[in-house]
Amino acid sequence: MVTGQELDPDFWKKSKEFFLHFQDQVDLIQALFTTVANAFPQDRLSLHFNSPKGCRISKGSQLARLPYQVLDIVRDFDQEKGFNIRFLNWWGYGFFIFITYGVQTKNSFPVNRISYFQNFKLYSRESAFDYMDIMQSQMAVSAENLVAAINTSSQLILWKEIALPKDPKKASELIMKLTEDILSYHNR
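A count of helices and strands for the protein gives six helices and seven strands. Start at the N end of the protein and walk to the C end: the helices and strands fall as α-α-α-β-β-β-β-β-α-β-α-β-α. Dimensions of the protein along its principal axes, counting C-alpha atoms only, are 60 × 35 × 25 Å. Classification of the 188 residues of the protein by burial places 41% in the buried group. Sequence-distant contacts, at least 24 apart, represent 57% of the contacts inside the protein between residues at least 6 apart. For the protein, the accessible surface area stands at approximately 11,000 Å², while carbon and sulfur atoms represent 53% of it. Treating the 21 positive side-chain charges of the protein as one cloud and the 20 negative ones as another, the clouds have centres 3 Å apart.

A few words on the layout of surface pockets. One number sums up the size of the largest pocket: a volume of about 310 Å³. Forming the walls of the largest pocket are 17 residues, and the residues nearest its centre are H48, F49, T105, S108 and H186. By residue class, the composition of the lining of the largest pocket is six nonpolar, eight polar and three charged. By volume, the second largest pocket is sized at about 190 Å³. Going through the elements one at a time, α2 (16-39) and α6 (168-185) are the ones with two or more residues in the lining of the second largest pocket. Of all the elements, α2 adds the most residues to the lining of the second largest pocket, at four residues. Each residue belonging to the lining of the second largest pocket can be placed in one class, and the counts come to eight nonpolar, two polar and two charged.

Even without being a glycine, A64 presents a positive backbone phi close to 55°. Along the chain, the position of A64 falls in the loop between β1 (55-63) and β2 (66-76). With phi around 75°, R65 is a residue other than glycine that occupies positive phi space. Structurally, the position occupied by R65 is in the loop between β1 and β2. A relative accessible area of 72% means that R65 is categorised as exposed.

Moving on, we get to the pattern of salt bridges. Under the criterion given, the structure shown has five salt bridges. Ionic pairing is found between E180 and R44, a salt bridge with its closest N-O pair at 1.8 Å. Taken as a pair, E180 in helix α6 and R44 in helix α3 (residues 42-45) lie far apart in primary sequence, 136 residues in all. Ionic pairing is found between R86 and D72, a salt bridge with its closest N-O pair at 2.6 Å.

Rules used throughout
Residues numbered from 1 in each chain as written. Predicted model: local features only at pLDDT ≥ 70, side-chain atom pairs only at ≥ 80, totals over all residues. Heavy atoms only, no water. Helix = DSSP H or I, 4+ residues; strand = E, 2+ residues; numbered from the N terminus. Buried < 20%, exposed > 50% of the residue type's maximum accessible area, 1.4 Å probe, protein only. Contact = heavy atoms within 4.5 Å. Areas by Shrake-Rupley, 256 points an atom, 1.4 Å probe, with all protein chains shown as cover. Lys, Arg positive; Asp, Glu negative; His and termini not counted. Charge placed at Lys NZ, Arg CZ, Asp CG, Glu CD. 1 Å grid on protein atoms, 1.4 Å probe; cavity = no way out; pocket = protein on both sides within 12 Å on 5 of 7 lines; lining within 4 Å. Points joined across faces, edges and corners; volume = space filled by probe spheres on them. Nonpolar A, V, L, I, M, F, W, Y, C, P; charged D, E, K, R; others polar. Salt bridge = Lys/Arg side-chain N within 4 Å of Asp/Glu carboxyl O.

Pasting the structure below:
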């Protein structure tokens, strides 16, 4: 039994509008993610990567005790040779993109073309899914920082928060453009 806390029946009764609005927002993000995922089918991803597993949308309720929704594109999570683009809508924190490179995959990163990632942060440690730790990393992407991260034995993650427009169509266009740019940047 949990001690030091009380049941709050008033909250239960008065929170109906909050939860209905929350569910409407969850549905909008789900539709947005579905639109984006449908724009990047397996055969399109195969033009850029050897082992893509397509796109997957998932959601949960316990990421640091808060709900979240995820769109993974490419979905190769191999720690050595993998690559993934993850869009994370984390309720209470924001909307983010995480680009994960396996230890060997990051070695093919064209450092001379990093200007595209100038607004991203860099993370290079063993915990590829510890978002609280990742978001504490405020190391800006630079040639020097990137070379240092490539020379470690960890995966490389480039990430940033994304300010989505209120219009779902414009939001999906922004995410599709960002994804297309990342895929083009990583042409084989």
